[in-house]
Amino acid sequence: MLDIYERAVKGPIMTEKDFDMKVFLPNLKEVVQKYNVRYEKDNPVPEDDAAADILFEAAVEFMARVGVYCQGTNRIMQFSEDEIRQVLSEAPGKCFPGEGKDAGELGLRKPDDPKLPWFHCGTGIAFSSESSMTNMVEGCASIAEINSISFPAIEYIRGLPSVGQTPAEFYAAIRTINIGMQAIQRAGRPGLPVLNLISTATTSQSAIAASAPQFGCRPTDGWLCGTVAEFKLNFGVMTKIAYLKSSGCLVGAETAPILGGFCGGPDGTAVASTAYIIMGLLVHNANYQLHFPVHFKFSCTTTRDVIWVNSVSAQAASRNIPMPVIWDPYCAAGPNTRMFMYETAAYLLSVVASGGPAFETSHPAKGVMVDGFTPMEAKWNVEMGKAASKMKRPQANELVKRLLEKYESDIDNPPRGNTYQECYDVTTGKPDESYVKLYNEVKEELVGMGIPLE
Amino acid sequence: MEKKEILENLTTAIIEGNKDMARENAQNALTAEIDPLEAVDQGLSKGMKVVGAQFESGECFLPELLMAADTFGTAMEIIKPTIEARQQQVNKEGTVLIATVKGDVHNIGKNIVGTVLKTNGFEVVDIGIDQSTLNIIEAAQKYNVDFIGLSSLMTTTMPNQKEIIEVLKEMGLREKFFVLVGGGPVTQKWADEIGADGYGDTAIDAVNVAKYLLTNNK
């Protein structure tokens, strides 16, 4: 990290606005034109290895032209193409999260690869009570296929809101770890890696403080280190990375290019998305990456254009960048809805067939609904992930097109669905009959479409 | 060059983000003694409205919106001195202070909302990210704004939106400003809970809510 820091204090100085307007925007436009990156609306999952490699070259040139803006010094951290290629050639392409029998190798996949992806289970963003959170983590950790897990964030600690940059945030972060670790032990998977540390600690000082081993985190867990869109880092994140690297912990780069934001349309977002995966290795020196290109207006990752971005950048990355990327879906529709199941199916067919090595279970309701996640969504993701690994890109393409026809007109006004309490028996931890019926109906429908669900 | 053509060229310059065209036609408007307010209203603002509508419908994206706003600024550099010399005032819908709350460094959503508000005739004072409660209130008073727009992208910073409303009440200033809230995890339910005046799911929602509040003086 000191090498990166040195670039942050020696690179060219400019205002953030000038970086956006005079560096990022024109270079992205030029690179898109030079490499002729073109959105294919009618092929959300294209099968074109040559185009994937061209997209990778475009991303390398873009990264070398633009660099990363340091908000702490108002300078640009720059990297030459040679340096970028050197880092990529030396990256291990795998890491080993978890402990004991729950440890595993989070590695790479290629497009059309029959190898199963790594299943990372998100457990919802926020819960209204600690007991709901415990039930959720335990329920998800009990799914045998799950390779790793996230802990949700706690919103209150002893009745006080967990506000960033306050002691309440620090105490809530510790409480998150306590509850989560107890829940995975109860599920009989004490070594299951947690790859979203520390969800409740949004500031680096709280994350670093709560990471002390006496509070329960282990070096084989993974800490998310975010970026600011687009292509910006602050000293808080850089300090957190320095701490984690020095402590031998796993670092996860967290990146989310915004389609419709500075990246422009799908063409520019595809270049930026691929370049972000390079950035994860180059700047964060990360062991893995949580990546989610997202639509600026609909705040989800399942629109036709974002699905294309995911597919082409997953293909470019899986063929050229040795980074274990966990692709992270956000659905527009809420839990216990037909649309959520269609969106998840389309997303996973796209990313898994395109060589995505890992995915997080999809977030219902754009990830903003309190208590808006249940183990049934996790189960659907696992079933679909397995099925998707049996599909080649041309098959996935046709199926994704048919699935899009079923839901894309409702993206603007998706069904809310139900909270955990509304569609589960919270005492027994089992879904109600109507959800099971819906689940089986949609599953049968998708089997009828040719998706090889078991 | 006729007045109609100059005004159309100003509109086109904004839509295309063509600064040279904007400069040339802003100068032409002054030479042809077109009322500068008409040049703004019937030329530049018309173009901004077109780009704003294209952005909302997904025909264009933030880069085009920013280029349009930048081009608008370029033309205004030429036209504004004449407006000031004549002691005229450009029509505006209202003034909005926007900020991302304390502890939150996300800025793209805020920037999009700010730009879309500008394209719809609002004056926008953007004081940036990670702004403390008192900074925001002080700036709202300093710029005498109609609205305080608060962005938050994290559940751990949303309580700071609530704090601002509470401190406004403590300082006896709550009735002076409309408070609008937005951001990824923010919902109408949250806005209602904390007593905000308005919530927008999208940038254009923010515009509509702001116009509604002004019109109905709510």
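In what follows, the accompanying structure is described. Predicted model, so just to flag it, every value in this text is computed and none were measured.

Each value, and the rule that gives it
Residues numbered from 1 in each chain as written. Chains lettered and ligands numbered in written order. Predicted model: local features only at pLDDT ≥ 70, side-chain atom pairs only at ≥ 80, totals over all residues. Heavy atoms only, no water. Helix = DSSP H or I, 4+ residues; strand = E, 2+ residues; numbered from the N terminus. Rg over C-alpha atoms; globule rule 2.2 N^0.38 Å. Buried < 20%, exposed > 50% of the residue type's maximum accessible area, 1.4 Å probe, protein only. Contact = heavy atoms within 4.5 Å. Disulfide = S-S within 2.5 Å. Buried area = accessible area lost by both parts, 1.4 Å probe. Salt bridge = Lys/Arg side-chain N within 4 Å of Asp/Glu carboxyl O. Polar contact = N/O pair within 3.5 Å; in protein donor to acceptor, adjacent residues only side chain to side chain. Nonpolar A, V, L, I, M, F, W, Y, C, P; charged D, E, K, R; others polar. Core = buried A, V, L, I, M, F, W, Y, C linked by side-chain atoms within 4.5 Å.

In this section: the overall build of chain B. Scanning chain B from N- to C-terminus turns up nine helices and five strands. From first element to last, N terminus to C terminus, chain B shows the α and β order α-α-α-α-β-α-β-α-β-α-β-α-β-α. By the compact-globule yardstick of 17 Å for 218 residues, chain B fits well, its C-alpha radius of gyration being 18 Å. If one aligns the C-alpha atoms of chain B with their principal axes, the spans along those axes are about 55 × 35 × 30 Å. Every one of the 218 residues in chain B was classed for burial, and the buried ones make up 51%. A sequence separation of at least 24 residues applies to 73% of the contacts in chain B between residues at least 6 apart.

One pass over the full model with this rule turns up zero disulfides over all chains. Here A:C423 is not cross-linked by a disulfide; its sulfur's nearest cysteine counterpart is in A:C140, at 12 Å.

Turning next to the interface of chain A and chain B. Facing the 29 residues of chain A at the interface are 25 residues of chain B. Buried area between chain A and chain B, both sides added, is near 2100 Å², and the carbon and sulfur share of it is 67%. Interface area lost by chain A to chain B is led by A:F262, A:F296 and A:K297, which between them contribute 22%. At the junction of chain A and chain B, the tally comes to one salt bridge. Note that B:E56 and A:K297 form a salt bridge whose closest N and O atoms lie 3.7 Å from each other. Our count for the contact surface shared by chain A and chain B stands at five residue pairs in polar contact (both at pLDDT 80 or more). Taken together, the elements giving at least two residues each to the side of chain A that touches chain B come down to α2 (16-34) and β12 (258-259) of chain A. Take the side of chain A that touches chain B: its biggest share by element is four residues, from α2(A). Considering only residue class, the side of chain A that touches chain B consists of twelve nonpolar, eleven polar and six charged.

One finds A:F24, A:I149, A:F231, A:L349 and A:L446 to be the most contacted residues of the largest nonpolar core, which totals 189 residues. The element that contributes the greatest number of residues to this core is helix α11 (residues 338-353) of chain A, accounting for twelve residues. Setting aside residues no more than four positions away along its own chain, A:I149 makes contact with A:H120, A:C121, A:T123, A:V137, A:C140, A:A141, A:I184, A:L192, A:P193, A:V194, A:L195 and A:N196. Listed in part, the 26 residues of the second largest apolar core include B:L97, B:V101, B:V125 and B:V181.

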